[in-house]
Amino acid sequence: MRMNPRYRLAGKWTLLLVGLIGLLACEEEIALDLQLNEPTVVIEGWITDEPGPYQFKVSQTSDYLGTSPEDLLSGAELVVRDDLGNADTLVEVRPGYYETNGLQGEQFRSYTVEATVSGATYSASNFLPRIGPIVGSGSLYCDTCVFGEGYYVGFLAQEPAGIGDYYLFRLTVNDSLYDSPFDFFVTDDRLVDGQLSPYQYPYPLEAGDTVVVEVRGISQLSYDHYITVFQQLSSGGGPFGAPPDNLLSNFDNGALGFFGTASVVKDTVIIVP
Amino acid sequence: MKMPLAKVFLLLSLTVVTTAWLSAQSKFTLSGYVRDAETGEDIPGASVLVPSIGQGAFTNTYGFYSLTLPQADYRVVVRSPGYPDDTLSVALDQNRTINVELNPLDYQLGPVVIEDEREDDNISSTEVGAEKIQLKEIRRLPAFMGEVDVIRTIQLLPGVASVGEGITGYYVRGGQTNQNLVLLDNATVYNASHLLGFFSVFNADALKSEYKLYKGGIPARYGGRLASVLDLGMREGNMREFKATGGIGVLASRLTVEGPIAKDKASFILSGRRTYADLFLLASGDPDVRNTSLYFYDFNAKANYRISDRDRIFVSGYFGRDVFKFRDFFANDWGNSTGSLRWNHLFSDRLFSNATVIYSDFFYGFDGQTFTGEGFEFSSGIRDIAFKYDWNWFANPRNEIKFGLDVTLHKFQPGLFEPTGETFLQDLEVQPDYAFESALYLSNNQKITDRLTVDYGLRYSLFDQVGPGEEYNYGEDGETPTDTTQFSTGELIQHYHGLEPRVSAVYLLDERSSVKGSFMRTRQYIHLVSNSTASFPWDIWVPSSRHIAPQISDQVSVGYFRNFFDNDLESSVELYYKWMNNQIDFKNGAELFLNPTIETEVLVGEGWSYGAEFLLRKPRGRLTGWLGYTLSKTLRQIDGINEGEPYAANSDRRHDISLVSTYQLTDRMSLGFSWVYSTGRRVTYPVGGYYLDSTFVPQYDGRNNDRMPDNHRLDLSLTIDPKKREDANQKRRLESSWNFSLYNAYGRRNPFAINFREETEERPVAGQPGVTEEVRVRRAYLTYLFRWVPSVTWNFNF
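About the thresholds
- Residues numbered from 1 in each chain as written.
- Chains lettered and ligands numbered in written order.
- Predicted model: local features only at pLDDT ≥ 70, side-chain atom pairs only at ≥ 80, totals over all residues.
- Helix = DSSP H or I, 4+ residues; strand = E, 2+ residues; numbered from the N terminus.
- Buried ≥ 20, exposed ≤ 12 C-beta atoms within 10 Å, placed from the backbone.
- Contact = placed C-beta atoms within 7 Å.
- Rg over C-alpha atoms; globule rule 2.2 N^0.38 Å.
- Pairing = 2+ DSSP bridges.
- Axes fitted to C-alpha atoms, helices over the stretch in contact; angles between N-to-C directions.
- Core = buried A, V, L, I, M, F, W, Y, C linked by C-beta atoms within 7 Å.
- pLDDT = per-residue confidence, 0-100.
- Expected span 1.5 Å × (residues − 1).

## Regarding the overall build of chain A
Right, on to step 1. For chain A, the count of helices and strands is two helices and 18 strands.
Right, on to step 2. Out of the 273 residues belonging to chain A, those deemed buried represent 41%.
Right, on to step 3. The contacts in chain A between residues at least 6 apart in sequence include a share of 67% that link residues at least 24 apart.

Set out below in structure tokens:
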């Protein structure tokens with residue numbers, strides 16, 4: 001995977017820096033008194049051009065430290081509308097989880113979700129952009145690679161001509177999605193515009209693994225959201241980090257979370273020795 | 001400013017010229033240089049006093065003084081710290097040039113110096129908010145990893161706070177780190193730190209013995225930064241004999257050689273330093289660590305030539321680099337280079353001039369490869385070429401006039417990404433920006449009465465961003481580029497200008513006490529783009545442009561100074577209030593790297609800071625040192641941050657205490673001691689959290705609402721000096737001294753960072769023995785560095 005080089009620089013740097021400081025640094029747990037004054041509503045969901053239904057989650061914030069579980073909210077009303085005027089009312093399938101009812105996401109459409117939670121209404125919009133095809137995929141054995149010895153999977157994709165495309169890369173290995181904030185890579189097309197470009201994921205894998213490589217075409221808004229995920233969740237709390245701030249949310253009325261839209265291409269690689 | 005600028009200048013100069021002319025009747029001028037008798041080097045800041053009439057002058061940066069007095073016979077006392085006084089008898093019946101040589105005080109003569117008249121510099125000087133530091137003094141203080149560091153010493157002064165534990169970045173009176181101007185032989189040093197801030201770029205062996213930090217009341221001849229000026233000079237080199245000095249420490253070694261090129265005419269000095277911290281990495285069992293290199297080095301070089309008593313030229317340069325390599329995957333280097341060529345010329349024995357041509361460059365480079373093996377190079381930086389012409393006119397003992405001009409051409413290189421070899425990657429360059437920064441200044445240090453002295457001046461600064469370049473135009477939201485405008489080479493893109501009045505005054509209440517006051521306005525036309533608290537070497541500078549306005553600051557300060565016990569104990573209280581406009585911060589999630597439309601990520605607001613600084617200082621005796629205390633508050637208000645409400649700035653430190661002392665145990669041994677305390681750094685802690693997909697994510701409410709635990713630390717040192725030479729003419733041999741330092745002597749866990757993590761652990765289920773469940777727990781962790789860091793340094797000279 002070739003993620004945006006600027007994050008490769010900063011990421012690697014921070015990693016090594018922390019490592020070197022680590023030679024002198026020590027760490028210990030401290031007790032802090034952090035108070036949550038009032039919970040905030042959190043809404044999260046994605047519409048893609050893959051077949052539905054699409055799932056949304058409604059919850060509220062809880063204490064940061066400690067073990068408090070996720071505080072899911074039942075009884076919310078959610079409606080998704082597209083820019084042609086079609087509306088889809090969501091159904092609560094289990095507490096806090098809501099699903100669309102027949103809606104099919106399409107490229108070049110804008111979508112709006114409107115959620116009513118305990119009498120307050122929150123809404124967010126996003127645009128579902130285009131994506132180019134994956135042309136081929138495969139794996140390669142490497143014993144001198146920086147992330148360790150093993151099989152590395154990659155693919156070749158045709159980037160559509162014209163600046164302004166943004167991508168999110170995901171990876172599923174043996175049916176399990178790599179879903180930590182460090183595993184999501186985003187990039188734009190400024191270095192590869194219109195090119196047939198190779199990508200490789202930075203994980204050494206094993207022979208026999210079944211791997212699904214996935215690229216999502218996302219809007220600039222979604223890209224900006226992931227930049228805040230990267231900046232906030234993978235940089236330390238020291239004087240070198242960006243100032244702490246909430247992740248970018250596109251909901252109005254103060255709700256946290258994110259409403260995303262994506263066009264998806266996938267390919268499956270079975271690693272053979 | 002309604003008054004035309006030319007008029008203001010004219011008015012100022014007329015006042016000065018008239019007073020000078022009126023008082024210049026039947027008087028003669030005594031002028032010359034004050035030099036060190038052993039090395040022949042100039043002594044700046046020495047006082048040349050005429051006690052009988054209570055007048056005097058200081059030597060300037062180049063050791064030149066000039067005094068114009070009525071015809072008479074005078075007893076003249078020449079005095080500088082570290083030298084016994086020299087007294088001359090002068091029959092001033094014509095203009096006289098007298099070069100004075102002072103014999104350095106041998107420390108072995110004993111710590112107690114007998115002086116008939118004690119210095120009261122601190123109460124009589126018009127400098128408000130200026131701190132003078134003697135290198136000799138800091139050599140006896142504890143040194144972190146054995147490296148004598150001028151910037152670490154600055155952090156011990158009232159009004160100056162450290163960015164974070166162990167880091168050499170500093171805040172002055174609530175300003176940002178990038179609002180500090182650091183000059184080395186007149187050249188700007190853009191990034192004054194090595195190893196990400198744990199060391200400063202200055203090799204103490206190559207520096208002049210005295211340097212100054214201005215926190216307020218900055219003289220009109222300095223400009224370009226909002227908060228402070230640190231003015232450092234490189235030594236000229238011994239004019240009389242060849243010498244080598246050096247040191248071997250746990251972290252770095254240094255070597256300096258110097259000597260005459262032509263005795264008393266020309267000399268040179270060469271100085272180098274290299275760290276070998278990475279050698280420790282070789283001991284690591286991890287091949288990744290073993291194949292990592294991380295070191296820095298720097299060189300200083302200077303030569304000067306006295307063409308005649310009226311003309312002298314200096315050429316000096318600095319080159320420093322940090323290098324960071326990780327296996328074959330990447331190589332990284334960054335650093336400053338500066339060069340200056342200076343010409344001192346005496347137009348008359350009262351008019352001194354200095355012309356300087358300056359080169360200054362900060363470079364950051366990264367050679368790496370993408371994971372698919374595509375090689376690339378990235379570079380960024382800033383480069384200046386500047387010319388300064390400064391004049392010093394010793395009109396009469398009551399007026400000393402300084403005027404001059406400077407012009408700088410900046411080239412800003414925000415980022416260049418170049419793939420190497422055969423590749424599908426494309427080049428990406430954020431276009432360079434060009435700008436001229438210029439200024440004219442005039443100031444007068446006027447002794448109005450025997451009690452009242454005022455230093456007043458005016459600086460007029462201009463900034464012109466010029467082509468070539470392609471400038472983005474933005475739509476109504478100020479964010480979406482609509483089209484671009486092309487500018488050809490030299491074509492004006494944006495112009496800014498403004499006046500910067502600078503006034504400071506001292507009023508002597510009696511022989512032991514004075515009150516001082518100052519006002520200054522400063523403008524900063526270039527901005528550092530960084531959203532971390534500490535600075536990274538890849539932080540980039542950008543000019544004021546069509547979208548980013550210059551920063552402007554006003555500061556007033558008042559102080560009361562009083563000496564006790566015959567000037568053996570100095571004390572002062574200073575109060576300041578400071579306004580800062582057009583302060584820059586960045587949006588949440590701002591992308592600052594390789595971003596051609598960086599101005600769309602900027603948020604603009606204002607800041608203000610106020611505080612009280614208390615200082616008690618004992619300059620002489622077996623026991624020397626100071627106790628400083630600062631009480632201050634710094635706030636910022638920026639739309640888009642903290643919901644537009646004022647918040648505590650990163651530089652906010654409520655309490656800051658430094659107790660610094662050296663004690664001469666015996667003729668050869670001295671103890672150094674420093675204890676610091678400061679209120680914890682401002683931070684933002686989460687107030688709550690939520691699951692985004694399956695990741696627990698913090699929720700924040702506002703900016704900098706919390707504080708880290710307080711910082712405090714004790715450092716100790718023991719310095720052993722060489723044996724005393726029995727008589728001064730004895731042939732030189734190797735002399736050596738030892739410095740043993742212990743950093744953080746009581747092992748305080750000073751917070752460097754606080755991180756939050758979610759962990760999964762197995763916990764027994766209540767009521768079901770033997771059954772466990774997975775529980776996700778969030779905890780806070782404190783990271784601390786440097787507990788008990790001992791070091792030993794062996795210094796030598798021959």
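## Describing the overall build of chain B
Right, on to step 1. For chain B, the count of helices and strands is five helices and 51 strands.
Right, on to step 2. For 798 residues, the compact-globule formula gives about 28 Å, and the C-alpha radius of gyration of chain B, at 28 Å, lands near that figure.
Right, on to step 3. Here the C-alpha coordinates of chain B stretch approximately 100 × 65 × 55 Å along the principal axes.
Right, on to step 4. Relative to its full complement of 798 residues, chain B shows a buried share of 47%.
Right, on to step 5. Across chain B, contacts joining residues at least 24 apart in sequence account for 65% of those joining residues at least 6 apart.

## Considerations on the pairing of strand β10 (residues 120-128) of chain A
Right, on to step 1. As paired strands, strand β9 (residues 109-117) of chain A and β10(A) are joined by nine bridges and run antiparallel to one another. Counted as the bridge partner of A:Val113 is A:Ala124 from β10(A).

## As for the sheet that holds strand β16 (residues 196-200) of chain A
Residues and elements named next belong to chain A.
Right, on to step 1. On the basis of which strands lie adjacent, the open sheet formed by three strands has the order β11-β12-β16 and antiparallel pairing. The open sheet has two edge strands, β11 (134-142) and β16, and neither has a second partner. Strand-to-strand twist of the sheet, defined as the mean angle between neighbouring strand axes without regard to direction, takes the value 20°.
Right, on to step 2. With five bridges joining them, strand β12 (residues 150-158) and β16 adopt antiparallel strand pairing. The residue of β16 that forms the bridge with Phe 155 is Tyr 199.

## Digging into unusual backbone geometry
Right, on to step 1. In this chain, A:Gly52 is followed by A:Pro53 through a cis amide linkage whose omega measures -5°.
Right, on to step 2. With respect to the secondary-structure elements, A:Pro53 resides in the loop between β2 (41-48) and β3 (55-60).
Right, on to step 3. For A:Asp175, which is not glycine, the phi dihedral falls at a positive 70°.
Right, on to step 4. Along the polypeptide, A:Asp175 turns up in the loop between β13 (166-173) and β14 (176-177).
Right, on to step 5. Positive phi, close to 55°, is recorded for B:Asp693, a residue that is not glycine.
Right, on to step 6. Tracing the backbone through its elements, the reader meets B:Asp693 in the loop between β44 (688-692) and β45 (695-699).
Right, on to step 7. Residue class for B:Asp693 comes out partly exposed when judged on the 14 C-beta atoms lying within 10 Å of it.

## Quick word on the environment of B:Gln494
Residue and element names in this part refer to chain B.
Right, on to step 1. Mapping Gln 494 onto the fold places it in strand β32 (residues 492-508).
Right, on to step 2. With 30 residues separating them along the chain, Gln 494 and Asp 464 place their C-alpha atoms 5.8 Å apart.
Right, on to step 3. In this view, Gln 494 contacts Gln 465, Ser 545 and Arg 546; residues no more than four positions away in its chain are not counted.

## What about the nonpolar core?
When a protein is soluble and globular, its nonpolar side chains tend to lie buried together.
Right, on to step 1. One finds B:Ile154, B:Tyr170, B:Leu183 and B:Leu230 to be the most contacted residues of the largest nonpolar core, which totals 97 residues.
Right, on to step 2. With 60 residues, the next largest nonpolar core counts A:Leu103, A:Val117, A:Tyr152 and A:Tyr223 among its residues.

## Overview of the confidence of the model for chain A
Right, on to step 1. Mean pLDDT over chain A stands at 85; residues scoring 70 or higher make up 88%.
Right, on to step 2. Below a pLDDT of 50 lies the segment residues 1-12 of chain A, which in the model reaches 26 contacts outside its immediate sequence neighbourhood of four places, other chains included.

## Details of the environment of A:Ser180
Residues and elements named next belong to chain A.
Right, on to step 1. Here Ser 180 shows up in the loop between β14 and β15 (185-188).
Right, on to step 2. Ser 180 gets classed as exposed once you count the C-beta atoms within 10 Å, which come to 12.
Right, on to step 3. With 31 residues separating them in the primary sequence, Ser 180 and Glu 149 have C-alpha atoms 22 Å apart.

## Remarks on helix α2 (residues 220-233) of chain A
Every α-helical turn comprises 3.6 residues, leaving residues that sit three or four positions apart pointing alike.
Right, on to step 1. With 14 residues, α2(A) should cover 20 Å at 1.5 Å per step; its first-to-last C-alpha distance of 20 Å lies within 8% of that length.
Right, on to step 2. Looking at α2(A), one finds that the buried residues are A:Ser222, A:Tyr223, A:Asp224, A:His225, A:Tyr226, A:Ile227, A:Thr228, A:Val229, A:Phe230, A:Gln231 and A:Gln232.

## Description of the sheet that holds strand β2 (residues 47-50) of chain B
Residue and element names in this part refer to chain B.
Right, on to step 1. Judged by pairing direction, the sheet is antiparallel, and its four strands sit side by side in the order β3-β2-β5-β6 without closing on themselves. Each of the sheet's edge strands pairs with one partner strand only, and the pair in question is β3 (55-58) and β6 (86-92). Strand-to-strand twist of the sheet, defined as the mean angle between neighbouring strand axes without regard to direction, takes the value 25°.

## Remarks on the confidence of the model for chain B
Residue and element names in this part refer to chain B.
Right, on to step 1. Of all residues in chain B, 90% attain a pLDDT of 70 or more, and the chain-wide mean is 85.
Right, on to step 2. Mean pLDDT in chain B bottoms out at helix α1 (residues 5-22), which sits at 52, and peaks at strand β29 (residues 452-466), which reaches 95.
Right, on to step 3. Note on the complex model: pTM 0.86, ipTM 0.89.

## Notes on the environment of B:Arg173
All names here are of chain B.
Right, on to step 1. With respect to the secondary-structure elements, Arg 173 resides in the loop between β11 (170-172) and β12 (180-184).
Right, on to step 2. By the C-beta count within 10 Å, which is 29 here, Arg 173 ends up buried.
Right, on to step 3. Here the alpha-carbon distance between Arg 173 and Phe 564, two residues 391 residues apart in the chain, equals 27 Å.
Right, on to step 4. Those residues in contact with Arg 173 that lie beyond four places of it in its chain are Gly 159, Lys 215, Gly 216, Ala 227, Tyr 576, Lys 578, Ser 609 and Gly 611.

## Regarding the pairing of β9(A)
Right, on to step 1. Where strand β5 (residues 77-82) of chain A lies against β9(A), six bridges are found, and the strand directions are antiparallel. Counterpart to A:Glu77 in the pairing with β9(A) is A:Thr116.

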